[in-house]
Amino acid sequence: MSTHAFTETEERQELRKQVAKLAATYGRDYFVEKARSGGKTTDLWMAIAKNGYLGINIPEEYGGGGGGIGDIAAVCEELSAQGCPLLLMVVSPAICGTIIARYGTEEQKQKWLPGLCDGTGTMAFAITEPDAGTNTHNITTTARRDGDGWVLNGRKIWISGIDEADNVLVVARTEDARTGKLKPCLFVVPTDAEGFEANAIPMEIVSPENQFQVFMDDVRLPADALVGDEDGGLVQLFAGLNPERIMAAAFSLGLARYALRQATAYAKEREVFGQPIGAHQAIAHPLAQSHIEIEMARLMNQKAAALLDAGEEMAAGEAANMAKYAAAEAACDVVDRAVQTHGGNGASQEYGMAGLLVATRVGRIAPVSREMILNFVSMHSLGLPKSY
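Residues numbered from 1 in each chain as written. Predicted model: local features only at pLDDT ≥ 70, side-chain atom pairs only at ≥ 80, totals over all residues. Heavy atoms only, no water.

By the naming in an unreviewed UniProt entry, the protein goes by Alkylation response protein AidB-like acyl-CoA dehydrogenase and is assigned to Nocardioides salarius. According to the UniProt record, the Sequence similarities (unreviewed entry) comment for the protein is "Belongs to the acyl-CoA dehydrogenase family." The Cofactor (unreviewed entry) comment attached to the protein in UniProt states, word for word, "FAD". (UniProt positions renumbered as here; feature names shortened; annotations may be inferred.)

What follows is the structure, given as structure tokens:
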């Protein structure tokens, strides 16, 4: 029997190797130094772009690599595994790139996609709102027609990297002329537009990438700011959500692998009672358990990416949710075990384990909470009644 379904192609494995090699020249110390000094990882971002990895999932005619979501997820995971988790990888090429490549007009693709690929036109994504949270149907940011263009009003929260993005893809709602109902639509909004304001949210995460609350007060946009069909609604929006879950899983998996590698190295060299602590099952077994959990989640994420790249949307949705859930759990567990393995050093800045506690814990909340994933699986996989 062919084993190709369980192993990645040689090209994908080579891609991982090359990205890991590049990321290792920067490494965790570089990432933490930028985070603690208020700096940015722009030079790493541009190096990824220059090597063709940033837009690897975007069609070649727009400057991309013509690959699939599995390729960009591999890039994201390998960066994380070297201690350089770049959150905007999830947002700019994967969510925004996928939506624009699939639903944008030819002009919009020519306008936005090359910048996503070469790193000069990074794009953020804004869906979450203070009063809507997980409930996308409660979004109150509205877009109304004004002559040829649009006027946007509303607010968003937990929007990543506004300070590093030229534009943000905003989920707003327009009024259906026939029914008067509000329906979701996507708009590209320049971050320097008049009436657009973003305030950074103070965070406990050690990351150079900031989170923002965004206010839009009569932001005027041209007609071509609308991406896709005005009547496309949720289908267009959800086109970006499966990639988002797969990328979030890759992000968690990379951090999990990084923590496991650090903990294992420490357990081999740290000696107490005349032998390395890794010789004791109380240390060895939890790390072995984490290795198993990480590999299982990686396999599920590979499956999700393969299904999505094959156009199997529903099956990909189920697998992507499961992969994101499993990866976040594996990451939280391994970081907890890594801190324990390091003993007192686990709380020190020098060893950098404690900072990962918050970074991985967020994976259980964002971009979709584990409770909502369990709702999805209860309903779609098990056929149980809808609970919300």
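We are not done yet, so read on.
Please give an account of the side chain of Ser160 that cites residues and values.
Mapped onto the elements, Ser160 comes out in strand E3 (residues 149-160). At 3.0 Å, the side chain of Ser160 and the side chain of Gln211 are in polar contact. (Helix = DSSP H or I, 4+ residues; strand = E, 2+ residues; numbered from the N terminus. Polar contact = N/O pair within 3.5 Å; in protein donor to acceptor, adjacent residues only side chain to side chain.)

An account of the UniProt feature "domain: Acyl-CoA dehydrogenase/oxidase C-terminal" (unreviewed entry) in the protein is requested, with residue identities and associated values reported.
Those places that UniProt annotates as "domain: Acyl-CoA dehydrogenase/oxidase C-terminal" (unreviewed entry) correspond, in this numbering, to residues 233-379. Spanning residues 233-379, this segment combines 75% helix with 3% strand, and its end C-alpha atoms are found 22 Å apart.

Talk me through helix H3 (residues 42-50); I want residue IDs and the actual numbers.
What H3 keeps buried is the set Leu44, Trp45, Ala47, Ile48 and Ala49. Within two residues after H3, Gly52 carries a phi angle of roughly 85°, on the positive side. (Buried < 20%, exposed > 50% of the residue type's maximum accessible area, 1.4 Å probe, protein only.)

Pulling in residues and values, what's your account of the packing of aromatic side chains?
Overall, the coordinates contain three aromatic pairs when judged by the stated rule. The interplanar angle of 85° and the centroid separation of 5.5 Å between the aromatic rings of Tyr266 and Tyr351 together place this pair among those described as edge-to-face. With Tyr266 in helix H8 (residues 241-269) and Tyr351 in the loop between helix H10 (313-341) and helix H11 (354-361), this pair connects stretches of sequence that are 85 residues apart. In this structure Tyr266 comes out as buried when scored by relative accessible area, which is 6%. When its relative accessible area of 28% is taken as the criterion, Tyr351 is described as partly exposed. (Phe/Tyr/Trp six-rings, centres within 6.5 Å; stacked < 30°, edge-to-face > 60°.)

Give a detailed account of the environment of Gly180, specifying residues and quantitative values.
Residue position: Gly180 is located in the loop between strand E4 (167-175) and strand E5 (182-190). Between the alpha carbons of Gly180 and Leu87 there is a distance of 37 Å; along the sequence they are 93 residues apart.

Which residues make up the environment of Asp71, and what values go with them?
The topology assignment puts Asp71 in helix H4 (residues 69-81). Using a relative accessible area of 16% as the deciding quantity, one classes Asp71 as buried. On a C-alpha basis, the gap between Asp71 and Leu54 in space is 9.9 Å, while along the polypeptide they are 17 residues apart. Those residues in contact with Asp71 that lie beyond four places of it in its chain are Arg12, Leu15 and Ile56. (Contact = heavy atoms within 4.5 Å.)

Describe the packing of H10 against helix H12 (residues 370-381), listing the residues and the values that go with them.
It is the contact of H10 with H12, at a shortest axis distance of 10 Å, that shows an interaxial angle of 140°. Seen from above, H10 lies across H12 with left-handed handedness. Only Arg370, Ile373, Leu374, Phe376, Val377, His380 and Ser381 of H12 make contact with H10, whose side of the interface consists of Met314, Gly317, Glu318, Asn321, Met322, Lys324, Tyr325 and Glu329. Of the residues assigned to the contact of H10 with H12, the class counts are seven nonpolar, four polar and four charged. (Axes fitted to C-alpha atoms, helices over the stretch in contact; angles between N-to-C directions. Left-handed = near helix turned anticlockwise from the far one by under 90°. Nonpolar A, V, L, I, M, F, W, Y, C, P; charged D, E, K, R; others polar.)

Could you give an account of the pairing of E4, naming the residues involved and the relevant values?
In terms of residue burial, E4 counts as a mostly covered element, since eight of its nine residues are buried. Direction of pairing for strand E2 (residues 142-146) relative to E4: parallel, over a ladder of two bridges. Paired with Ala143 across the two strands is Thr174, which belongs to E4. Examined bridge by bridge, E4 and E5 share nine bridges and lie antiparallel to one another. If you follow Leu169 over to E5, its bridge partner there is Val188. (Pairing = 2+ DSSP bridges.)

Lay out the pattern of salt bridges with the relevant residues and their values.
Applying the stated criterion across every chain yields a total of 26 salt bridges. In this structure, Arg257 and Glu77 form a salt bridge, with 2.6 Å as the shortest nitrogen-oxygen distance. Remark: Glu77 occurs in helix H4 and Arg257 occurs in helix H8; sequence separation between them is 180 residues. Given the relative accessible area of 3%, Glu77 is considered buried. (Salt bridge = Lys/Arg side-chain N within 4 Å of Asp/Glu carboxyl O.)

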